Amino acid sequence: MIDDGGHLEARPRDSVVALVDAASGVEREVIGRWIAEGGLAGELGAAAPVTQLDMDAKAITDRLVGRQDDPLVVPVRVLWLPPERDGVRRVTFADLALLTNPRKPNRLVQRRLLRTAPDRHRVLVGAPARLSELRRNNPEAAGLLHKGSTEPFARAIVRAAVVALERAERTVIGDRYKVPQLVTEEILDSPEFQRKLDYIADETGTRPDEVYRRAEKALGELVAAQSRLVSDLFTQAMRPVHASTWKVEADLGGLDDLRALNRKYPLVFLPSHRSYVDAFVLGDVLARNDFPPNHVIGGANLSFWPMGPIARRTGTVFIRRSFGDDEVYKAVVEEYFAYLLAKRFNMEWYFEGGRTRTGKLRPPRYGLLNYLAAAVRTRRIEDVMLVPVSITYERLNELGAIASEQSGGTKKPEGIGWLARYVRNQQLSAGRVYVRFGEPLSAREHLAAHGDPLDARPVTIPLHGGAGAPATPDDTAVEELERKAVQRLAFDVAVGINQVTPITVNALVTLALLGVHERALTIDEVRIVLDPVIGYIDARHLPAGELGALRDEPGLRVVLEQLETAGVVTVYRGGLEPVYAIETGAHLEAAFYRNSAVHWFVNRAILELAALAAVEDPGEDPLRSAWKAAFDLRDMLKFEFFFPERQEFADQIIEEVRLIVPEWDSDTPDDRLDRQFLTALTASGFVMAHRVLRSFFDAQLVVAERLAARPADQVIDRKQFIDECVAVGRQMLLQQRLHSPESVSSELFTSAWKLAANHKLIDPAEPGREDELTLRRLEFARKLRDIGERIARAARLDPSNAPGLR
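Everything in this summary refers to the structure shown in the same document.

About the cut-offs
Residues numbered from 1 in each chain as written. Predicted model: local features only at pLDDT ≥ 70, side-chain atom pairs only at ≥ 80, totals over all residues. Heavy atoms only, no water. Helix = DSSP H or I, 4+ residues; strand = E, 2+ residues; numbered from the N terminus. Buried < 20%, exposed > 50% of the residue type's maximum accessible area, 1.4 Å probe, protein only. Contact = heavy atoms within 4.5 Å. Areas by Shrake-Rupley, 256 points an atom, 1.4 Å probe, with all protein chains shown as cover. Expected span 1.5 Å × (residues − 1). 1 Å grid on protein atoms, 1.4 Å probe; cavity = no way out; pocket = protein on both sides within 12 Å on 5 of 7 lines; lining within 4 Å. Points joined across faces, edges and corners; volume = space filled by probe spheres on them. Nonpolar A, V, L, I, M, F, W, Y, C, P; charged D, E, K, R; others polar. Axes fitted to C-alpha atoms, helices over the stretch in contact; angles between N-to-C directions. Left-handed = near helix turned anticlockwise from the far one by under 90°. Phe/Tyr/Trp six-rings, centres within 6.5 Å; stacked < 30°, edge-to-face > 60°. Core = buried A, V, L, I, M, F, W, Y, C linked by side-chain atoms within 4.5 Å. Salt bridge = Lys/Arg side-chain N within 4 Å of Asp/Glu carboxyl O. Lys, Arg positive; Asp, Glu negative; His and termini not counted. Polar contact = N/O pair within 3.5 Å; in protein donor to acceptor, adjacent residues only side chain to side chain. Pairing = 2+ DSSP bridges. Parallel < 35°, antiparallel > 145°, perpendicular 65-115°, else oblique. Patch = residues over 30% accessible without salt bridge, like charges linked within 9 Å, V, L, I, M, F, W, Y side chains within 5 Å. Charge placed at Lys NZ, Arg CZ, Asp CG, Glu CD.

1. Some words on the overall build of the protein
Helix and strand content of the protein: 33 helices and 16 strands. Among the 806 residues that make up the protein, the fraction classed as buried is 54%. Nonlocal contacts in the protein, meaning residues at least 24 apart in sequence, comprise 79% of its contacts between residues at least 6 apart. Accessible surface, the protein: about 35,500 Å² in total, of which carbon and sulfur atoms supply 51%.

2. Regarding helix H33 (residues 770–797)
Between its first and last C-alpha atoms H33 spans 41 Å; for 28 residues at 1.5 Å apiece the expected length is 40 Å, and the two agree. Restricting attention to buried positions, one finds in H33 the residues Leu773, Arg777, Phe780, Ala781, Leu784, Ile787, Arg790, Ile791, Ala794 and Ala795.

3. What about empty space enclosed by the protein?
Taken as a whole and judged by the stated rule, the model has 5 cavities of 30 Å³ or more. There is about 80 Å³ of room inside the largest cavity. Considering the residues around the largest cavity, the lining is formed by 13 residues, among which Thr358, Leu588, Ala591, Asn595 and Glu742 are closest to the centre. Those elements that provide at least two residues to the lining of the largest cavity are helix H24 (587–595) and helix H30 (694–708). Top element by residues in the lining of the largest cavity is H24. It accounts for 5 residues. Residues belonging to the lining of the largest cavity are distributed by class as follows: 5 nonpolar, 5 polar and 3 charged.

4. Brief notes about the packing of helix H26 (residues 622–636) against helix H27 (residues 646–660)
Where H26 contacts H27, the two axes come as close as 12 Å, and the packing angle between them is 120 degrees. Classified by chirality, the crossing of H27 by H26 is right-handed. Within the contact between the two elements, H26 uses Trp627, Ala630, Phe631 and Arg634 and H27 uses Arg646, Phe649, Ala650, Ile653 and Ile654. A breakdown of the residues in the contact of H26 with H27 according to their chemical character gives 7 nonpolar, no polar and 2 charged.

5. Some words on unusual backbone geometry
In terms of backbone geometry, most residues other than glycine have negative phi values and most peptide bonds are trans. In this structure, Arg379 is a non-glycine residue whose phi angle is positive, near 60 degrees. Relative to the elements of secondary structure, Arg379 occurs in the loop between helix H16 (367–377) and strand S11 (385–393). The exposure class of Arg379 is partly exposed, given its relative accessible area of 43%. Of note in this structure, Lys760 is not a glycine but carries a positive phi near 60 degrees. When you line up the elements, Lys760 lands in the loop between helix H32 (746–758) and H33. Classification of Lys760 by relative accessible area gives exposed; the value is 63%.

6. Details of the packing of aromatic side chains
Applying the stated rule across the entire model yields 14 aromatic pairs. For the pair Phe337 and Tyr371, a centre-to-centre distance of 6.0 Å together with 55 degrees between the ring planes defines the contact as tilted. Of this pair, Phe337 sits in helix H15 (residues 327–342) while Tyr371 sits in helix H16, and the two are 34 residues apart along the sequence. Residues Phe337 and Tyr371 agree in their burial class; the two are buried. Ring centres 5.2 Å apart and planes at 75 degrees place the aromatic pair Phe641 and Phe696 in the edge-to-face group. Highlighted residues: Phe641 in the loop between H26 and H27 and Phe696 in helix H30, separated in sequence by 55 residues. Note on Phe641: relative accessible area 7%, which makes it buried. A connected cluster of aromatic rings, assembled from ring pairs, spans Trp627, Phe631, Phe641, Phe643, Phe649 and Phe696.

7. Let's talk about the nonpolar core
In terms of nonpolar packing, the biggest core is built from 129 residues, with Phe269, Leu508, Leu550, Phe601, Ile606 and Leu693 touching the most fellow members. Looking at which element gives the most residues to this core, the answer is helix H25 (residues 602–616), with 10 residues. Not counting chain neighbours up to four residues away, the residues in contact with Leu550 comprise Val505, Leu508, Val509, Leu530, Ile534, Leu556 and Val559.

8. Describing the pattern of salt bridges
Close approach of charged atoms allows side chains of opposite charge to pair. Summed over all chains, the structure comprises 54 salt bridges. For Glu186, the salt bridge goes to Lys343, with nearest N and O atoms at 3.1 Å. One end of the pair, Glu186, is in helix H8 (residues 183–189); the other, Lys343, is in the loop between H15 and strand S10 (347–348), and 157 residues separate them in sequence. Overall, the relative accessible area of 18% leaves Glu186 in the buried class. Relative accessible area serves as the criterion here: at 36%, Lys343 is assigned to the partly exposed category. Between Asp256 and Arg259 there is a salt bridge whose closest N-O contact spans 3.2 Å. With a gap of 3 residues between them, Asp256 and Arg259 both fall in helix H12 (residues 252–262), about one helical turn apart.

9. Here's the deal with the side chain of Arg777
Position of Arg777 among the secondary structure elements: in helix H33. Comment: no salt bridge for buried Arg777; closest opposite-charge side chain is Asp763, at 7.7 Å. Reaching out from Arg777, the side chain makes a polar contact with the backbone oxygen of Ile762 at a distance of 3.3 Å. Residues contacting Arg777, with those up to four places away along its chain left out, are Leu707, Ala708, Arg710, Pro711, Ala712, Ile716, Leu761, Ile762 and Asp763.

10. Quick word on the sheet that holds strand S14 (residues 521–522)
In spatial order, the strands read S14-S16-S15; together these 3 strands make up an open sheet with antiparallel pairing. Among the strands making up the open sheet, the edge pair consists of S14 and strand S15 (569–572). Bridge count between S14 and strand S16 (residues 579–582): 2 bridges; the pairing is antiparallel. Considered in S16, the bridge of Thr522 is made with Val579. Contacting S15 and S16, helix H23 (residues 553–565) runs over the sheet at an angle of about 110 degrees to S15.

11. Regarding the pairing of strand S3 (residues 72–80)
Remark: a regular strand shows side chains that alternate across the two faces of the sheet. Counting buried positions over the 9 residues of S3 gives 9, a clear majority of the element. Residues Leu72, Val74, Val76, Val78 and Trp80 line one face of S3 and the alternating positions Val73, Pro75, Arg77 and Leu79 line the opposite face, and both faces are buried. Pairing of S3 with strand S5 (residues 129–130), which is carried by 2 bridges, proceeds in the antiparallel orientation. Bridging from a neighbouring strand, Val73 pairs with Ala129 of S5.

12. A short note on the environment of Leu219
Note that Leu219 resides in helix H10 (residues 208–222). Note on Leu219: relative accessible area 0%, which makes it buried. For the pair Leu219 and Tyr329, spaced 110 residues apart in sequence, the C-alpha separation works out to 8.5 Å. Excluding residues that lie within four positions of it along the chain, Leu219 makes contacts with Thr184, Ile187, Leu188 and Val332.

13. Regarding the side chain of Asp383
Turning to its location among the elements, Asp383 is positioned in the loop between H16 and S11. Arg444 provides the closest opposite charge to the buried, salt-bridge-free Asp383, at an N-O distance of 5.3 Å. A polar contact is formed between the side chain of Asp383 and the backbone nitrogen of Ala443, at a distance of 3.3 Å. A polar contact of 3.0 Å, which involves the side chain of Asp383, links it to the backbone nitrogen of Arg444.

14. Brief notes about the packing of H30 against H33
Two elements in contact, H30 and H33, have axes whose closest approach is 9 Å; the angle formed by their N-to-C orientations is 155 degrees. With respect to H33, the axis of H30 lies roughly antiparallel. As for the relative orientation of H30 and H33, their crossing is left-handed in sense. Across the interface between the two elements, Arg694, Phe697, Gln700, Leu701, Ala704, Glu705, Leu707 and Ala708 of H30 pack against Arg777, Leu778, Phe780, Ala781, Leu784, Arg785, Ile787, Ile791, Ala792 and Ala795 of H33. Broken down by class, the residue content of the contact of H30 with H33 amounts to 13 nonpolar, 1 polar and 4 charged.

15. Focus on a positive patch on the surface
Together, Arg321, Arg365, Arg718 and Lys754 line one region of the surface with positive charge. Mapped onto the fold, Arg321 is located in the loop between strand S9 (316–319) and H15.

Structural data, given as structure tokens:
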């Protein structure tokens, strides 16, 4: 019961109080016999007199809290273990044949186990503490003793005993089974939280008992009631579902580093979100490596039966999609987050807010990061380490539904039918899934580096959007600094994920096939496209999957045939040799695979378009024209990709130049871009602009033209506008004004909407300034048409479009 896990020895004349955590008479007998035989004396290093006391708040109130001496308080429990199989003790479904939990067997089974399997129980002793230390560690509860209120201190002793026994238990069963106990009780008993609820009651004019009741109900919704039994069984049930689907390749070295870090800090895992299976894949990787289960933050839409009750017992926290003005719920969420982090329970959530529909990272959501930042600012925790996690699939069996949603289809609600379809789909082999851990980020260090004042002002209650006194100008300025710091922190996480995301075989094959418009390629032609790209990947030392499979014909053929099985690639075998193309209607699925790696090629694509701009319109200084074009393109794509600051971006572009022209020296006064650079670009063997950027700019063009067609004084409904873009985009595709169906995507139109809003093209014009807004919208559309024409010229430079490949 010592916070740092230390150990006390009993002095010969000490009295010892054994707090017995027993669920049956059998367990009391086992503990009593063990104490009588000197077991506790051996643990404490001295034979002091022992008083046995049930670990119950009433018993502790009656017989312990009022004592005037200073006894050593020692929690004791019987630990029951499952049978050992292959050196591992985990519950299996076979263990349930006796209709009892092997970790908590009933009284009859306990007696049988004592006779037949004595190795399946142990007497646990938690770290002891003196009664005086317990008073010092719980000053507010102990302070109520002189007022005659003893129950709060008794409950604090129970909680400390439970924590000490849980720590002792994990030394036997492993960190995998670290689960929080008495969470709701501890939060509700917290004087600080009670003051926060009193504040909300006062500010909102609500009775304190009603606020307390709502807080208790909200905690009942949120708190994950983790069960070791359910965790074992759920892992065993789900592992076969996915074992036949993927071969998981995890970064075990990264896990070793995280385990060492977790001894000091709580970890928050922030994975990319490409599939419903992400949590199962990451959870299984952590379980196999004896990590405690994460508290996974999930949307309430996934709390349906039977998944909801099971998931809650394996660590899932179901949180409302919207809090509205419910200040009590906000306070409860913030307190629960701070509690988990302060107790060093690891957390996990998908900071994109939902699964990607395009294959690349979505813009981050900041809500949960705000709660984390609040815990750091108020020093509820000293620091927390954010762990970017990339989960990358060679193939996904749920892509058909994702593509349907992007082209205007309705998302099917989650439920028992959805779950059955999901399990059925997972029976199809889908290759590898790569789990990679990025460099952990110190939340405190990164917030401070991005301008967060942190300790500059006291934090008022409630912290986020709550009632209270009007904000002063200084408060508003600080809040703006805090908001921007959290946004930059989210950006850092996204960059961390991208930096460890490997390039898969399917990403490269779809990259190749999507770049040749309405043409099929022989296997040799596919290799001609891929070989220089693989060389580029090697030159940059980019993270990659099993790309060796693409270097020879048999391996490449296998990859193509697997994509054919998945319905992404079509193969015609009726001629002289097989030819491969993207399956009709599968362009969005193909783009999903390509986009998982597209961020690695964006700078190269921008350089190509910037060089074309400089050659075609050099002005007085071609190099200056190229840089202007590059930064303009970066600005147009800032809602699609995570670009660094201008100087770092410029350095990255120069490195791309040197890969094309190794002798390039940016400090030479005679530097200039001319057609020789384009010749060198073509000689490199590939051009990326049309493969990487065309779909994004085509989607922006649809949005720009629909805006230009709207009256400048009209208020635009975003959802209706996006639906209109999907419909008109299909028409433009039929008219061949768009290059590919992958451009007709509600996700891409939504990002383009954000870009237009950033350029102040969405809101209606002020009276008398309608013409000005109309002209700016028309200019925006013209600029995108120019970019589209430049991309078409880049495509013509690509060797894959040369006559020899036709």
